[in-house]
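Next come the chains, spelled out residue by residue.
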Amino acid sequence: MAGLIERYREHLPFADGDPVVSLEEGSTPLVEAPRLSRRVGARVWLKLEGANPTGSFKDRGMTCAVSAAVREGAEAVICASTGNTAASAAAYAARAGLRGAVIVPEGRIATGKLAQALMHGARVVALRGTFDEALTLVRRLVDRHPIALVNSVNAFRLEGQKTAAFEVLEELGGLDALCIPVGNAGNVTAYWKGFREADHAPRLFGFQAEGAAPLVHGAPVQAPDTVATAIRIGNPARWEEAMDAFTSSRGAVRAVSDAQILDAYRFLAAEEGVFCEPASAASVAGLLAHGAGEAESVACVLTGHGLKDPQMALDQAAAVVPCEPDLSAVERAVLG
Ligand SMILES: *Cc1c(COP(=O)(O)O)cnc(C)c1O
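Positions within a chain are numbered from 1, following the residues in the order the chain's sequence is written. Local features in a predicted model are, by the rule used here, given only for residues with pLDDT of at least 70; side-chain atom pairs are given and counted only at 80 or more, and totals for whole chains, interfaces and linings are based on all residues. Side-chain descriptors were evaluated using all non-hydrogen atoms of the structure, hydrogens and water having been removed beforehand.

A. Spatial organisation of helix α3 (residues 58-71). An ideal rise of 1.5 Å per residue puts 20 Å on 14 residues; α3 measures up with 20 Å between its terminal C-alpha atoms. Within α3, 12 of the 14 residues are buried, leaving the element largely enclosed by the surrounding structure. Among all positions in α3, only Lys-58, Asp-59, Arg-60, Gly-61, Met-62, Thr-63, Cys-64, Ala-65, Val-66, Ser-67, Ala-68 and Ala-69 are buried. The secondary structure listing takes helices from DSSP runs of H or I that are at least 4 residues long and strands from runs of E that are at least 2 residues long, numbered from the N terminus. Two residues or fewer past α3, Gly-73 is found with a positive phi of approximately 85 degrees. To estimate how far a helix should extend, the number of its residues minus one is multiplied by 1.5 Å. Each residue gets one of three labels from its accessible area relative to the maximum for its type: buried under 20%, exposed over 50%, partly exposed in between, using a 1.4 Å probe on protein chains only.

B. Examining the site of the ligand more closely. The local shell around the ligand holds 16 residues, among which Lys-58, Asn-84, Asn-184, Asn-187 and Thr-303 are the closest. Residue Gly-186 places a main-chain N or O atom 3.1 Å away from an oxygen atom belonging to the ligand. The contact in question runs from an oxygen atom of the ligand to an N or O atom on the backbone of Asn-187, over 2.8 Å. The protein chains shown are the only cover counted for residues, whose accessible areas, like all others here, come from Shrake-Rupley with a 1.4 Å probe. Protein coverage of the free-state accessible area of the ligand, which is 390 Å², stands at 97%. Listing elements by their share of the shell around the ligand, those giving two or more residues are α9 (186-197) and α13 (278-290). Just so you know the grouping, Ala, Val, Leu, Ile, Met, Phe, Trp, Tyr, Cys and Pro go in nonpolar, Asp, Glu, Lys and Arg go in charged, and all remaining residues, Gly too, go in polar. Here the shell around the ligand is composed, by residue class, of six nonpolar, eight polar and two charged. Residues are labelled near a given molecule or strand when at least one of their non-hydrogen atoms is within 4 Å of it. Contacts described as polar in this section are N or O atom pairs within 3.5 Å, which, within protein, must combine one atom able to donate a hydrogen with one able to accept it, while residues neighboring in sequence count only if both atoms come from side chains.

C. Just the pattern of salt bridges, in detail. Throughout this description, the term salt bridge denotes a Lys or Arg side-chain nitrogen within 4 Å of a carboxyl oxygen of Asp or Glu. Summed over the entire model, instances satisfying the criterion amount to 19 salt bridges. A salt bridge links Lys-162 to Glu-197, with the nearest nitrogen and oxygen atoms 2.9 Å apart. Placement of Lys-162 in the loop between α7 (155-161) and α8 (163-172) and of Glu-197 in helix α9 is noted, with a sequence separation of 35 residues between them. Beyond isolated ion pairs, a larger network of salt bridges with shared partners links Arg-7, Lys-47, Glu-49, Arg-60, Glu-167 and Glu-170.

Take a look at the structure:
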């Protein structure tokens, strides 16, 4: 399957012959979720963005942002990140032969994401501060140095991410509602752009974690806190655009508790066979808690893979069963 610049070039700001940095991202599975559908009373599909090359939807934006950076002659890329943007930026920078630097909030980044960024050779800077402080600082840094900023304030990121909306429409023909986790609010903004360009307007339901819900409260949150580290953001960069998307689509932005997020996280893995990261499960937690209006067809965006955050999974799952190496002990262990 072609990467998404090749697949959707006529909808993207890239001409034939422009440099393309791709890991064949996009074209992710859209799987029906029978047990979730029954609980919700609608047909529900899961868009498995964890199937992208680095395990999150960030790759859709990164192929565009890094390709544009190469076209502009950049030698390095940088981002502030809660983890997945760092992993993706590091991979695409490596692919392009650019230097990469990522600034993450110290101690708040999931193990898998940190391992990825380091393995891809990025310089990983752990800031003693929040994601929001990291983003403010990298924005100032790129004003002073010839480094391309690849956060979702970069317009190319949204261009790439809007292709997920095209894919959903191509498969289903139409859609009544989309449920999506919201952190910096770039992705919901991108989906809305994609749906509008394809002349569709499903209702967009965005979900923030209760402890990091600035859009729900209508004010920035100074010390955002949630187990869903990917959406632990107190002052979203795409605030106005996201609120416009919710209003224009007759949708809403709502909060879900960490307990609801973790319930949905375990439910998806155990009942649907889909292992996503906690932030991703906010979309399903929100659908279960608040419904999706009168919608008959609903897509939930599962933004990142469960393997990103193995420690969270081990904390939430049942313990392993120790066993002596003889048959009766194995029988007890397996069947008991
Ligand atoms: C980045 C990210 C989000 C939030 O997306 P925004 O565009 O910042 O709203 C949600 N889930 C995961 C797994 C992410 O990596």
